[in-house]
Amino acid sequence: MNQENKTQMWVREFILLGLASGHGAQVSLFVLFLSMYVLTVVGNVLILLLIRLDSRLHTPMYFFLTVLSFVDLCYGNSIVPQMLAHFFSARKSIPFHRCVLQLCVSLVMGSSEFFLLGAMAYDRYVAVCHPLHYTVIMHGGLCLGLAAGSLVAGFMNSLMETIITFQLPLCHNIINHFVCETLAVLRLACVDISFNVVMVAISGFLVIMLPCSLVLFSYGHIIAAILRIRSAQGRSKAFGTCASHLTVVTMCFGTAIFTYMRPGARSSAEQEKMVALFYAVVTPMLNPLIYSLRNNEVMSALRRVLRKLSENR
């Protein structure tokens, strides 16, 4: 029996080192991340319900926001519940098959979010630069195709990374992370991982930079169109329709580009943990807050739903 087969038989589970070792620190982190997780679930479910219940929100922009909320919920649920449970576990283990599934799901959702943000930027470009043709261009088929394409692209990227990661022979099963993450798992390999690192870098470039290019194209034209508006009130209204999305885009792409796209950038295990926390915990929590608090239509929909509920009592 060759060494690879022996290794695959031996690695039945992985041990995750997590975020902190002290009991006090783990309790504090548990309370913090549980609070953030509750806000994430409540916020995203509320967005989904509001868009479903209020017909005034049945537009392409809110269709994409619905998909984004769904992606955020799936992303957070693939990571955070296990992380919370491990804060009070003496042995932070995860079975091999669950580790594979967790890596695959988190990659699908994380990659899809970047493509969705690109699609949402294109939607804002059409709304601002071609308002008279908006309903014709952003028809239901195109919106559905962009959303489905984002998920398919995310799935294909995830499938590639997952396969090339777990086909490697592994020397041990201790992962210096709180989740099964590609680079953390690759560090367990007994063989040279240069090919895997290059493929992950290419994948990251395509997943981050292609949508980012669409965002830059869209907002370049949006800003130019806004500056051509004569009245200050008109400029403010036009920018207001894009402010929430631009905030999320800047936050997500800015972090990813700073972390992975710098020349000669080499991320440490601790940096990878912080980035994973940002995308799995912080971003899904902030997205509904940004889109609701900075959006008059969403707040108006919330008031209408609450008013209906109070009248039905």
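Each remark here, short or long, concerns the structure printed above.
The paragraphs below set out a description of the structure included in this document. Quick caveat: nothing in here was measured; it's all calculated off a predicted structure. (Residues numbered from 1 in each chain as written. Predicted model: local features only at pLDDT ≥ 70, side-chain atom pairs only at ≥ 80, totals over all residues. Heavy atoms only, no water.)

Take the overall build of the protein next. Broken down by element type, the protein carries eleven helices and three strands. Scanning the protein from its N terminus toward the C terminus, one meets helices and strands in the order α-β-α-α-β-α-α-α-β-α-α-α-α-α. Here the protein has a C-alpha radius of gyration of 22 Å; the compact-globule value for 313 residues is 20 Å, and the two agree. Viewed in the frame of its principal axes, the protein has a C-alpha envelope of about 70 × 50 × 30 Å. Expressed as a percentage of the 313 residues in the protein, the buried residues total 47%. In the protein, the share of contacts with a sequence separation of at least 24, taken over all contacts with a separation of at least 6, comes to 79%. (Helix = DSSP H or I, 4+ residues; strand = E, 2+ residues; numbered from the N terminus. Rg over C-alpha atoms; globule rule 2.2 N^0.38 Å. Buried < 20%, exposed > 50% of the residue type's maximum accessible area, 1.4 Å probe, protein only. Contact = heavy atoms within 4.5 Å.)

Here we take up the packing of aromatic side chains. Using the criterion set out here, one finds eleven aromatic pairs in the structure. With a centroid separation of 6.4 Å and 65° between ring planes, the pair formed by Phe14 and Phe166 is classed as edge-to-face. Pair noted here: Phe14 is in strand β1 (residues 13–16) and Phe166 is in helix α6 (residues 140–166), with a separation of 152 residues, a long-range link. Each member of the pair Phe14 and Phe166 is classed as buried. Here Phe30 and Phe88 contribute two aromatic rings whose centre-to-centre distance is 4.8 Å and whose plane-to-plane angle is 70°, an arrangement assigned as edge-to-face. Pair noted here: Phe30 is in helix α2 (residues 23–53) and Phe88 is in the loop between α3 (60–86) and β2 (93–95), with a separation of 58 residues, a long-range link. Here a set of aromatic residues connected by ring pairs shows up, and it is made of Phe114, Phe253, Phe278 and Tyr279. (Phe/Tyr/Trp six-rings, centres within 6.5 Å; stacked < 30°, edge-to-face > 60°.)

Right, let's get into the environment of Gln26. Along the chain, Gln26 turns up in helix α2. In the structure, Gln26 is positioned 41 residues away from Val67 in sequence and 33 Å away in space, judged by C-alpha atoms.

Here the focus is the sheet that holds β1. Overall, mixed pairing links the three strands, which are arranged β2-β1-β3 in an open sheet. Both edges of this open sheet fall to β2 and β3 (174–175), since each of them pairs with a single strand only. Pairing of β1 with β2, which is carried by three bridges, proceeds in the antiparallel orientation. Residue pairing in the sheet places Glu13 in a bridge with Pro95 of β2. Across the sheet, helix α4 (residues 96–129) lies against β1, β2 and β3, angled at about 85° from β2, the strand it touches most. (Pairing = 2+ DSSP bridges. Axes fitted to C-alpha atoms, helices over the stretch in contact; angles between N-to-C directions.)

Moving on to the packing of α6 against helix α8 (residues 194–227). At their nearest, the axes of α6 and α8 sit 11 Å apart, and the two run at 170° to each other. The orientation of α6 with respect to α8, classified from their angle, is roughly antiparallel. Here Asn157, Met160, Glu161, Ile164 and Thr165 of α6 lie close against α8, whose contacting residues are Asn196, Met199, Val200, Ser203 and Val207. Looking at the contact of α6 with α8 residue by residue, the class counts come to five nonpolar, four polar and one charged. (Parallel < 35°, antiparallel > 145°, perpendicular 65-115°, else oblique. Nonpolar A, V, L, I, M, F, W, Y, C, P; charged D, E, K, R; others polar.)

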